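Secondary and tertiary structure notes
The residues making up each chain are set out below.
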Amino acid sequence: MADSAGLQFVSPYAFEAMQKVDVRRLAALSDPELRLLLPCLVRMALCAPADQSQSWAEDKKLILRLLSGVEAVNSIVALLSVDFHALEQDARKEQQLRHKAGGSNVESILVSQLQHGLTLEFEHSDPLRRLRLTLSELLAIMSKVADSNGEFFLKSSELFESPVYLEEVADVLCILQAELPSLLPIVDVAEALLHVRNGDWFLCLLVANVPDSFNEVCRGLIKNGERQDEESVGGRRRTEALRQLCQMNPSQALNIRAMVVEECHLPGLGVALTLDYKPDTADEAVSPLVSYVSGLLLGTNSKVRTWFSMFIRNGQQRKRESSSVLWQMRRQLLLELVAILPRSRSTHVPNDGDVDDEGGSGYSGLREEHVVKASALLRLYCALMGIAGLRPTDEEAEQLLQLMTSRPPATPAGVRFVSLSFCKLLAFPTLVSTPEQEQLMVMWLSWMIKEEEYFESAAGVSASFGEMLLLVAMYFHSNQLSSIIELVCSTLGMKIAIKPSSLSKMKTIFTQEIFTEQVVTAHAVRVAVTNNLSANITGFLPIHCIYQLLRSRAFTKHKVSIKDWIYRQLCETNTPIHTQLIPLVDVYIISILTPASKANPEATNQPITEQEILSVFQTSSVQGDNSRGGRQRNSITTQLLILYYILSYEENLLASTKQLALMQKKPKSYSAALMDQIPIKYLVTQAQGLQQELGGLHSALLRLLAVNYPHLCLVEDWVCEEEVTGTLPLLRKMMLPSNTCRYTRSQLHQAFQKLPSSSPRLMRILEQLTLLTPGDLIPYSESLTASMALLLEPAVPRRTLQTLNKLWMGLNTVMPRRLWVMTVNALQPSAKLLRQQTYTQNDLMVDPLIVLRCDHRVYRCPPLMDIVLHMLNGYLLASKAYLHSHLKETADFDRQSQTVSNLGVPGQPDTPEVTREELKNALLAAQDSAAVQILLEVCLPTSEEQWLGCNTESLLRGIRDPVPGKTEQRSLLLRAKEGVRDAEPEGGLLSDLREVQCLICCLLHQMFIADPNIAKLVHFQETFMLTPLLITFSSNVSSQWPLLSQKQLMGYPQPLLPLTVSGIPSMHICLDFIPELLAQPQLEKQIFAIQLLSYLCIQYALPKSLSVARLAVSVMGTLLTVLTRAKRFAFFMPTLPCLVAFCQAFPPLYEDVTALLVQVGQVCASDVATKARDIDPLIARLQYLKEKPRDACVEGSTKLALPQRTAEELGGADPDVRICYCVEATFMDIVTSTLHGL
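How each quantity is defined
Residues numbered from 1 in each chain as written. Predicted model: local features only at pLDDT ≥ 70, side-chain atom pairs only at ≥ 80, totals over all residues. Heavy atoms only, no water. Patch = residues over 30% accessible without salt bridge, like charges linked within 9 Å, V, L, I, M, F, W, Y side chains within 5 Å. Areas by Shrake-Rupley, 256 points an atom, 1.4 Å probe, with all protein chains shown as cover. Salt bridge = Lys/Arg side-chain N within 4 Å of Asp/Glu carboxyl O. Lys, Arg positive; Asp, Glu negative; His and termini not counted. Charge placed at Lys NZ, Arg CZ, Asp CG, Glu CD. Helix = DSSP H or I, 4+ residues; strand = E, 2+ residues; numbered from the N terminus. Axes fitted to C-alpha atoms, helices over the stretch in contact; angles between N-to-C directions. Parallel < 35°, antiparallel > 145°, perpendicular 65-115°, else oblique. Left-handed = near helix turned anticlockwise from the far one by under 90°. Contact = heavy atoms within 4.5 Å. Nonpolar A, V, L, I, M, F, W, Y, C, P; charged D, E, K, R; others polar. Buried < 20%, exposed > 50% of the residue type's maximum accessible area, 1.4 Å probe, protein only. Expected span 1.5 Å × (residues − 1). Arc of directions from axis to C-beta. pLDDT = per-residue confidence, 0-100. Phe/Tyr/Trp six-rings, centres within 6.5 Å; stacked < 30°, edge-to-face > 60°. Lys NZ or Arg CZ within 6 Å of the ring centre and 35° of its normal.

Re a positive patch on the surface
On the surface, a cluster of positive charge is made up of R742, K754, R761 and R764. Positionally, R742 belongs in the loop between α42 (727-734) and α43 (745-753).

So this is what it looks like as C-alpha cells:
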C-alpha cells in the first residue's frame, strides 16, 4: 500500500504502552505519536473506570494532565457527547433498507441531501453529523464487501483519502467502533478498511486504540485471505496491512506467522514476517528465514508443503519485481550464501600446484563456524529446487556451485556437508553447465577420494563420504540409477523427482574418469570394517558398498576374494543389529553357490571355513591365543549371524541342487560334526529375549529351524521353556542369595553311585540344581545323564525321578541334541553297555527307533519314559528332515551323472525321480508305524503284571461290562490278587503301567493329529510285515511281554483296543477308514475292524458311527452267506459280542442286530439239527425274542436265563453249537444292558 507511505504509523513503543496501559511511557511519547492514540485516551479519561484503586486514580490524573494540552481533545470529547443509541437505531434502519434494496444505491437515512462533497460536508458539520457521515460511508463499504463474493474491489472515497482530514476521520472511526461494537464488529471493520485507500493506516490506528483486539483482527484477516496472496491486488494489500500490524506489535509476529501456516493462507505474509523478524539474540548457525522455509518444505505436513510450493511456482511466473516477497526472500538467501562462502572463490581452475595449497586463492577452506549453516542452506536450496520447483538464476547457480565445492574442516559437520554437496550435485547436475565448472567438480571429487581416510580418522565418525562415493560408483557401473536416486533422497532427507536421464553426464564422469569397476572392487576390499557395527551407526558404511558389489558380482568377475572381509565384519557386530547385515549374508551365500555366468562356473566366492566358524563359538574361557588384543570376539550378535549364515547356506545349497548339477558343480556342505558343536537351541533361546534388538534375525532363524531342524521346534519345548524361564522361576531365582550351586559335579556323581543309601543327599543336590538357570546346568549335564540307569534300581524315591525329569527338561531348552545322544547311550541295556556301543547324532537320525532299544525297566518308570518319548518324537521329526535333505542333495547329482553315463547307450532306462520319493515316504511310514507298534505293545502288561491283575481293560470298565454282576466279580478277583502287592491300587489306576500308558497315548495322539495316515497304516498293517527292528525288539523282550511273540494279522493286539480308544482322543479318525478295512480280504482284519468299531461307537456315539455300525452289521450278514463252516466259527465267535456295544450306543440298530442274530442261529442250527437236541428250543427262544422283544424285557432276565455250562463242555462241543450259544449269550447281554439302562 504505497498510498499510505507518507503517513505516520503507531510505533511499537507506543503500542506496547497502550497494551500495558503504562501511563508514564505514554507521557514520554511525542505529540504526533500521542495524537494517534487520543480516542482511546479520551474515553479512558471520561468513562467511569472499573478499577477503583488509588494507583489508577493517580494514573488517571496523569492522563488528564497529559490531555489538557492537546487541542484535538475537545473535538473528541464533543464526539463522545452524542446520543449513540439514536445513532445506532438510524444505522440499523439504513442497514435494513440497503438489505431490501439488494445493495443498490439508496437514499441514506443517516445522511440526506448532501449539498457538497463528503470532504466539505465533513469539514462544516457538527460532531453528530460527522459521525453520521463516517458511519454511512463505512456501512456502504461493509455492505458492498458482504455482496462481493470474495472479489476484491477498491472503493474510492474522498472521506478516507483526503490527507487534511485523515486524523479527524480516524478519531470518528475509533469512537464509532468503540461505542457501537455490535453494529460495527472490529473484524468486519478491518475487512472493509482493506478496500479503501490508506486502509492499512486506519486499521493500525483502530487496533492501536483497541489493543486487546490485535489477535482477533489478525486471525480474521488471515482466515478471509487468499491461499496465494501475491496473485491479486487484494492479497498484496491484505499482506501489507498485516505486515504493518506486526511491525506495530513485533512480539506477536511469530504467532501471526503460525496462524498463516495453520490456515494455509497468505504464504507471502509468512515470508515477509520472517524477513522483518529481528531476534533478540542472533543465531549464528541458521538464520530464521532458512529455518522457516526449511520447516515448511521439509516438514511432515504435506498440505503445507504443497501450499508453499505453489507460492514458489506461481511467483516465478511473474516478472522479477523488487517489491515481490519471493524476490526479497531469494535475495536474502543469496546474501546469506555469499556471506559464508570462502574468500576468493571463483570458477577459475588452478594448476596442479595449487591443488595441495589449501591457502591458495581459489581453494580457501570453509570456516568451521559456517559449516552447519552451509549444510542448512544446501538442504534448503535442494528443497526449493526439488520440491517447490525453483529455477535458480545464473547468479544463484554460480554461488551454489562455489559453496558445494568448498572444502570444509575435518569434523562430523564437515563430513555431513560434503555428503550433502555430493548428493546435490547428483540431484541437480544442471548446476554444472560449462567445461570450467565440470573440471572444478571433477577436481573436487578427486579431493574427496584423497581426503576420505583423513576425514574419517580426524572427524571420529564411522560413516564417511568415501563409502557413499564407492556406493554411487558401483550403482553407476551396474546401471542402477534408481538406487542412486534413492540414495540421494535418503541422504538429503527429502523425496525429490530426479530423472534417470539427467545422470548420464555424472555416470560418464564416474565410470570413465574417477572409478572404474576394477578400481572399485580393489578399493572396497581394502576398506576397513566398521568396528562394533550396529543400527546406532547411521549413514553410508562400507557394508553398503560391499553389499552392492556382491549383488553386481563384481568380486567374482575380477577374481577378488571378499570372504575375509565379510568374516571380519560379522565378527565386529553388536546390538541392535544393523539392517544391512542379513541382506549381506544372503547375497554372499548366493555368490558362493551361483556362478556369475554359466560360461565360467568356477567364478564364485569362497565360503567361510569350518575352523573360522568354530572360533566364533569358543567360550570365553578358551580364548587367549585366538583373541585379538584380549577382546572377546564371540558376541551373541556374531554367533547368531554365523548360525544364520550356516543354516541359510545349507538351505540354499539344497534349493540349488538342480542348477548346480547341470553345471557339474557341487559345493561343499558343512559337516555334521560342525553342526553338532554349535549350540543352536541355546542361541535361538538367547535371541528370543533380544527380539527388539535383533530385528528380523530371530524370525528368520525360527523359519530355518522349522524347515531344517523341526526337532528343535517342538511345541512341548516352547511350553517347557515358558515354565523354565517364565515369571515364577525368575522370581524364585531372584530370592536366592547366590546364583551359584554349592555342590560340585564330583559330589553329584558320588551321590548317584551310592544309591539307594544316598537318596536324601542326592535329593538335596538335585533340588539345589533346580534353582539354576538352564545355561548354568550345562556343566552338570554329563553327570546327570550318565547316572540315569542307576535310578532304575528298586527303592529309588519317585521324587528323585521327577526332579531329574525336571532338570532334564530344563537342559533340553538349551542343549537338546547333545543331551539326547548322552541320554540314549546312558539308557542302553546292560548287555550292550558291556560291548561299549556308543551311538552318535547321525546314527539316531538315520534310525530313530534306537531310542526304544533301552533298558526294559524304563518302560515302567514314567519320569524316564517321558524323556524317552520326548526324544523319540524329536528324532522321528529329525529323521524326516534328514532323509528329505539327503534325497534332495543326492538326487540331482546322481541323476545328472547317470544321464551322462547313459549317453549313447540305447535302452538304458533312467530311474524315475518319483521312485526315490516314494521309497523315502515308505521308509518314513514304516518307521512311524513301527514306533507306534512298539509303544502300543509296551502298554501291554507283562507276565508279572498279569499275574498281579493289572489288566488294561480296567481302563474301560463301563464300556464292555454293561452288566453289573460281571464288573463286581472282576473287582473281587482283582482285590484278592492285589493282596500280594499293596503298593498298586485297584485295577492299576495309579500304577506305573497306567501312567506309562497315558504318556504313550498322549504322544500317539500328537502323531495321529500331525499325520492321520499313520493311524491308518497302523490299523492296516500286519505284525509279521514290520521292520526288522520291531522283530528284533519283540524277540528281545518276549519274555517280559508274552503277547509280542504271538502272530497277529491285525494292527495291534485286541486287548489294547480299550486303551487306544479311550486314551487317544484322535482315534475317531479311524471311522473314516473302517469301511475300507472291512473290505479287506483277510478275515482277521475284518474282525479287528468290527472290534475296533464297537469301542468307537461307545466312545463316539456320532451319526457317522451309526452309519459305519450299520455297514458292519450288513457286512456280517453278507459274510454269513459266503463263509465256510470253519471260517464262520472263526469270524462270528469274536465279533458277535461286539453287537452288544452297537445296540448300547445306537438303539435304532436293535432290529437289524436281532435279525442278524436269529439268522446266524438258524444257519448254525440247520447244520447241527441232528447232532444236538437242544438246538430247536434255542431257535424257538431266539424267534420269540425277535418277535416280542418288549415282552421279553418286561418279563425279566430270570425267565431267559441260560443254563450254566462249563468250559470243558463248550470246548468239546461242535463249532456251530458254540456259535448258537454265543448268539444266545449275545442276545441276553443286549436285553440285560437295555434293562440296566432303564
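Description of the packing of helix α30 (residues 542-551) against helix α33 (residues 581-593)
Axis angle and axis distance: for two packed helices, these are the angle between their axes and the distance between the axes, and together they describe the pair. Where α30 contacts α33, the two axes come as close as 9 Å, and the packing angle between them is 30 degrees. By the angle between their axes, α30 is roughly parallel relative to α33. The interaxial crossing formed by α30 with α33 has left-handed handedness. Between α30, through I543, I546, Y547, L550 and R551, and α33, the contact on the second element is made entirely by L581, P583, L584, V587, Y588 and S591. Of the residues in the contact of α30 with α33, the class split is 9 nonpolar, 1 polar and 1 charged.

Quick notes on the pattern of salt bridges
Under the criterion given, the structure shown has 31 salt bridges. Between R367 and E369 there is a salt bridge; the shortest N-O distance is 2.3 Å. Given a relative accessible area of 39%, E369 falls into the partly exposed group. Where D847 meets R853, a salt bridge forms, and the shortest distance between an N and an O atom there is 3.5 Å. What emerges from the salt-bridge pattern is a single network uniting E16, K20 and R25.

Points about helix α7 (residues 84-100)
Taking 1.5 Å of rise per residue, the 17 residues of α7 would be expected to cover 24 Å, and the 24 Å separating its terminal C-alpha atoms lies within 8% of that figure. Every buried residue of α7 is accounted for by F84, L87, E88, D90, A91, E94 and R98. Projected onto a plane normal to the axis of α7, the buried residues spread over an arc of 165 degrees and lie on a single side. Facing away from the buried side of α7, by more than 90 degrees, are the exposed residues H85, Q96, H99 and K100. Taken together, the buried residues of α7 touch α6 (73-80), α9 (127-146) and α11 (166-179).

Brief notes about the environment of Q1006
Tracing the sequence through the fold places Q1006 in helix α56 (residues 992-1010). Along the sequence, Q1006 and I1064 sit 58 residues apart, while their C-alpha atoms lie 9.0 Å from each other. Contacts of Q1006, omitting those with residues within four sequence positions, involve E716 and N873.

Details of the confidence of the model for the protein
Close reading of the predicted structure is inappropriate where its pLDDT is low. Looking at the protein as a whole, the pLDDT averages 78, with 79% of positions reaching at least 70. Across residues 344-363 the pLDDT falls below 50, and counting only partners more than four positions away or on other chains, this stretch makes 34 contacts in the model. pLDDT under 50 marks residues 899-910. Its contacts with residues more than four places away, or in other chains, come to 6 contacts.

Quick notes on the packing of aromatic side chains
Note on aromatic pairs: each is described by the distance of the centres and the angle between the planes. If you walk through the whole model with that rule in mind, you get 12 aromatic pairs. An angle of 65 degrees between the planes, with centres 5.2 Å apart, marks the rings of Y649 and Y670 as edge-to-face. Separated by 21 residues along the polypeptide, Y649 in helix α35 (residues 636-655) and Y670 in the loop between α36 (657-662) and α37 (672-676) bring together distant segments of the chain. On the basis of relative accessibility, which here comes to 1%, the residue Y649 falls in the buried class. Look at Y670 and you get buried, because its relative accessible area is 10%. In textbook terms, an aromatic cluster arises when at least three aromatic residues are bridged by ring pairs, as seen for Y588, Y645, Y649 and Y670. Above the face of the F153 ring, K144 is positioned so that its terminal group lies 4.7 Å from the ring centre. For the cation-ring pair, K1016 lies above F1020, with the distance from its terminal atom to the ring centre recorded as 5.9 Å.

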